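Tertiary structure, described
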Amino acid sequence: MHRSAALAVAGLLMAVAPIAQAAPPPPTPLVPFSVSAQGATTRITGVRTGNDNLLAKHTTVSPAPRKASATTHTLTVEYLDDAGQRTADANALVLNLTGDDGFQDVPATDGLGQLELPAGRYMLGGVVTAGDVDTVFYQPVVDLSADRRIVLDARRGQAVEQRPANSTVRSFFAEIISAHQLDNGFWGSMSLVGKDLATMRVAPVGPAAPADQAYSWVTSQWGVPGAAGDFANTPLHYGLTDLHRGSMFDGLHRVATDGQLAKLVSKNYQQVSRSQAGKGFAALPPHLFESDGMMLTTDPAGTVTSYLEPGADWYPTFVEYPGDGGLPCFLYAPGTASYQAGRRYVAEWKKAVLGPAVDTSTARTGDQVRLYTPLVVDSGGNDIQAFAATGHSRLYRNGSLLAESESPGYINELSELPAGDAQYRFEASEDRSMFSGLSRQVDARWTFRSNTTAAEEQLPLWMVRFAPDVDRKNSVAAGSGLGIPLSLEVAEGAKVGRPAVPAVEVSGDEGKTWQPARVVRTGDRKYVAAAAVPAGAKEISLRAKALDSAGNSVEETVIGAFTLR
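Anyway, here's the lowdown on the structure attached to this text.

About the criteria used
- Residues numbered from 1 in each chain as written.
- Predicted model: local features only at pLDDT ≥ 70, side-chain atom pairs only at ≥ 80, totals over all residues.
- Heavy atoms only, no water.
- Helix = DSSP H or I, 4+ residues; strand = E, 2+ residues; numbered from the N terminus.
- Buried < 20%, exposed > 50% of the residue type's maximum accessible area, 1.4 Å probe, protein only.
- Contact = heavy atoms within 4.5 Å.
- Areas by Shrake-Rupley, 256 points an atom, 1.4 Å probe, with all protein chains shown as cover.
- Core = buried A, V, L, I, M, F, W, Y, C linked by side-chain atoms within 4.5 Å.
- Phe/Tyr/Trp six-rings, centres within 6.5 Å; stacked < 30°, edge-to-face > 60°.
- Lys NZ or Arg CZ within 6 Å of the ring centre and 35° of its normal.
- Pairing = 2+ DSSP bridges.
- 1 Å grid on protein atoms, 1.4 Å probe; cavity = no way out; pocket = protein on both sides within 12 Å on 5 of 7 lines; lining within 4 Å.
- Points joined across faces, edges and corners; volume = space filled by probe spheres on them.
- Nonpolar A, V, L, I, M, F, W, Y, C, P; charged D, E, K, R; others polar.
- Polar contact = N/O pair within 3.5 Å; in protein donor to acceptor, adjacent residues only side chain to side chain.
- Salt bridge = Lys/Arg side-chain N within 4 Å of Asp/Glu carboxyl O.
- Axes fitted to C-alpha atoms, helices over the stretch in contact; angles between N-to-C directions.

1. Some words on the overall build of the protein
Secondary structure assignment for the protein yields zero helices and 43 strands. Counting over 565 residues, the protein shows a buried share of 56%. Here the contacts in the protein between residues at least 6 apart in sequence split such that 71% fall between residues at least 24 apart. Only carbon and sulfur atoms are counted for the fraction: they give 49% of the accessible area of the protein, which is about 22,700 Å².

Set out below in structure tokens:
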């Protein structure tokens, strides 16, 4: 998943790019969110059932709709409750498989819904509420070459049991998705989203589609409920998924042991004192651009152990609010991650030093270019973006200003470079002081040569990554001296020269004065910088310069890189 993913949190859209908009309130113990895997144009709406589950629809619309068929037919949907009686407590959705149009509702007026539709092939999904249970229906293909009548009968619903063997956890998120590939190559899907699969049943309708063209998918997440009945600061988290190809599940009964899952230990490090935080996971269904999850209140410097479905693509999201109620900070993982059963993984969030990092989308193809250098990335590769941050970016070509923006690390308006070879200088700065004292000011400057390319080429941008031995408060024991591991990183495939040993300086007075560190090579592009602790210092700022044999260079300055204890 690319960092251009967007999150819909509590009904508000919050994108990665610092767009001027109102910030949402701090996270409640349960906050729904969605993540977008790619830059597709999607329409997302929903209808809430009487059991507080949400029937949602996600479609990617063809940029050039075809002309609709002149012939139309009537689609009739009859809705029956668990007593076999018609019910208006229901809803259905249909989607033309051409992908030319969005979903259309088939409202359950007096238990019977009708639509006049162009002849064609459609997918149909629906839900019938009977008591405290919603039954989800899915017919992969409705051939509307003539008038059709479809019956959604709640009596056909089968139970859905998907749970961990651990009896101490309870469900806080559940979703059943039905999806079909459209003629435009994208996929359309509908889903029932809620908190517990116990309130949902499933029922297939009509014949199955080819296994590679349709599927249904069940996912649930679990945690330890607290004294207040919510899942705030749950020490355990489970994420499960199941896939059925070709049609809807005809019931599901599965209990997963810890050994059948992957173990992920997430360690949080503090970047703001007295802050509030929320953490969420979403599993990305096959072929889809959207995924849902639930964000839970979590300890900003705590540890959560997750047991996750192996083979699934998981995407974590983290939000943190300062204790004074100011604007939030979001963390975006560098992509989805898939894990193996029985293995243990560790993920670290907000661990210092927060500084510039490689983004593999920064490349030139011919003269088309995308230049993005995230300036505040933690040791785990998570891009940290504070709403209160300010900054700028400037690109120079042969010494003359070519483009600039007020966005730290990228220039949205820049999509093409002048043809031919040239010397470039890219400068970027980010001020986070309104949000955090940690890495509150980050400045970077890169110089590199670039020419028109025959194919995509990564730009030769070096990054200096520092990795001090910090505690959960991003603090280092003062002692008499500092030993700071660091490395030089560059995008794989970038045409760079052999790097010299970088020069490193440390400051204990916010960059007013600097003293050089002694840098020793410890491996391939790996080093340790040794320096005395500046007198009276309570925190350390860092400055580094690196140059390779091809003339590519980088200068980085991080004010407030870590504190001393």
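2. A short note on the nonpolar core
Of all hydrophobic cores here, the largest spans 87 residues; its most connected members are Trp446, Phe466, Leu542 and Phe562. Aside from chain neighbours lying at most four places away, what touches Phe562 is Ala352, Val353, Leu438, Pro468, Val470, Asn474, Val476, Leu482, Ile484, Glu539, Ile540 and Leu542.

3. Here's the deal with the packing of aromatic side chains
Counted according to the given criterion, the structure contains 11 aromatic pairs. Taking the centre distance of 5.6 Å and the plane angle of 40° together, the rings of Trp187 and Tyr215 count as tilted. Note that Trp187 is positioned in strand β15 (residues 187–194) and Tyr215 in strand β17 (residues 214–223), a separation of 28 residues in sequence. Take Tyr215: its relative accessible area is 0%, and that puts it in the buried class. Measuring from centroid to centroid gives 5.4 Å for Tyr372 and Tyr410, while their planes differ by 80°, and the two rings are edge-to-face. Of this pair, Tyr372 sits in the loop between β28 (368–370) and β29 (383–386) while Tyr410 sits in the loop between β31 (400–405) and β32 (422–431), and the two are 38 residues apart along the sequence. The same class applies to Tyr372 as to Tyr410, namely buried. Aromatic rings pair up to connect Phe330, Tyr332 and Phe387 into one cluster. The aromatic ring of Tyr396 is capped on one face by Arg425, whose charged end is 4.1 Å from the ring centroid. It is Arg472 that lies over the ring of Tyr269; its NZ or CZ is 5.4 Å from the centre.

4. Things to note about the pairing of strand β6 (residues 72–80)
The element β6 is largely enclosed, with a buried count of eight among its nine residues. Direction of pairing for β6 relative to strand β12 (residues 148–153): parallel, over a ladder of six bridges. Bridging across to β12, Leu75 finds its partner in Arg148.

5. A look at the side chain of Arg440
By the secondary structure assignment, Arg440 is in the loop between β32 and β33 (441–450). If near-sequence neighbours (up to four positions away) are discounted, Arg440 is found in contact with Glu430, Asp431, Arg432, Ser433, Glu510, Glu539, Ile559 and Gly560.

6. Section: empty space enclosed by the protein
Inspection of every chain in the model, using the stated rule, returns five cavities of 30 Å³ or more. Of all the secondary-structure elements, those providing two or more residues to the lining of the second largest cavity are β21 (276–284), β22 (290–298) and β23 (303–308). In terms of residues, the lining of the second largest cavity owes the most to one element, β22, which gives four residues. Its residues assigned to classes, the lining of the second largest cavity shows six nonpolar, nine polar and one charged.

7. With respect to unusual backbone geometry
Here the amide bond leading from Ala352 into Val353 is cis, since omega sits at 10°, within 30 degrees of zero. In this structure, Val353 sits in the loop between β26 (344–349) and β27 (363–365). In this structure, Lys350 is a non-glycine residue whose phi angle is positive, near 70°. Inspection of the secondary structure puts Lys350 in the loop between β26 and β27. Among the residues examined, Lys350 registers a relative accessible area of 0% and is labelled buried. Of note in this structure, Ser439 is not a glycine but carries a positive phi near 50°. By secondary structure assignment, the location of Ser439 is in the loop between β32 and β33. Accessibility expressed as a relative area gives 0% for Ser439, which makes it buried.

8. Some remarks on the environment of Ala478
Tracing the backbone through its elements, the reader meets Ala478 in the loop between β36 (475–476) and β37 (481–489). It is 9.8 Å that separates the C-alpha atoms of Ala478 and Pro534, two residues lying 56 residues apart in sequence.

9. What about the side chain of Gln271?
As for its position among the elements, Gln271 is in the loop between β20 (262–268) and β21. With a relative accessible area of 5%, Gln271 lands in the buried category. Only 3.1 Å separates the side chain of Gln271 from the side chain of Arg432, close enough to count as a polar contact. If we ignore the near neighbours within four places in the chain, the residues touching Gln271 are Glu320, Cys329, Leu331, Lys350, Leu354, Ile384, Arg432, Phe435, Ser436, Leu438 and Asn474.

10. Overview of the pairing of strand β16 (residues 200–204)
For a regular strand, the rule is simple: side chains alternate between the two faces of the sheet. Counting buried positions over the five residues of β16 gives four, a clear majority of the element. Across five bridges, strand β11 (residues 133–144) lies against β16 in parallel orientation. Note that in β16 the partner of Thr135 across the bridge is Arg201. Summarising the sheet, strand β13 (residues 158–164) and β16 pair through two bridges and their orientation is antiparallel. Its bridge partner being in β16, Ala159 is matched across the sheet by Arg201.

11. A few points about the pattern of salt bridges
If charged atoms from side chains of opposite charge come close, those side chains can pair. As enumerated under the stated definition, the model contains 20 salt bridges in all. The partner of Arg543 in a salt bridge is Glu505, with the nearest N and O atoms 2.8 Å apart. In this pair, Arg543 is assigned in strand β42 (residues 539–547) and Glu505 in strand β38 (residues 503–507), connecting sequence segments 38 residues apart. Given the relative accessible area of 26%, Arg543 is considered partly exposed. Note that Lys512 is salt-bridged to Glu510, the shortest N-O span being 3.7 Å. Take Lys512: its relative accessible area is 63%, and that puts it in the exposed class. Overall, the relative accessible area of 45% leaves Glu510 in the partly exposed class.

12. Considerations on the sheet that holds β6
Spatial strand order, β9-β6-β12: three strands in an open sheet with mixed pairing. Only two strands of the sheet have a single neighbouring strand rather than two, namely β9 (112–118) and β12. The average angle at which neighbouring strand axes cross in this sheet is 20°, direction not considered.

13. Observations regarding the sheet that holds strand β40 (residues 518–523)
Sheet architecture is open: four strands sit in the order β35-β37-β41-β40, paired in antiparallel fashion. Two strands in the sheet have a free side with no partner beyond their single neighbour: β35 (463–466) and β40. Strand-to-strand, the axes of this sheet are offset by a mean angle of 30°, without reference to chain direction. Note: β37 against strand β41 (residues 526–532), seven bridges, orientation antiparallel. Considered in β41, the bridge of Ile484 is made with Ala529.

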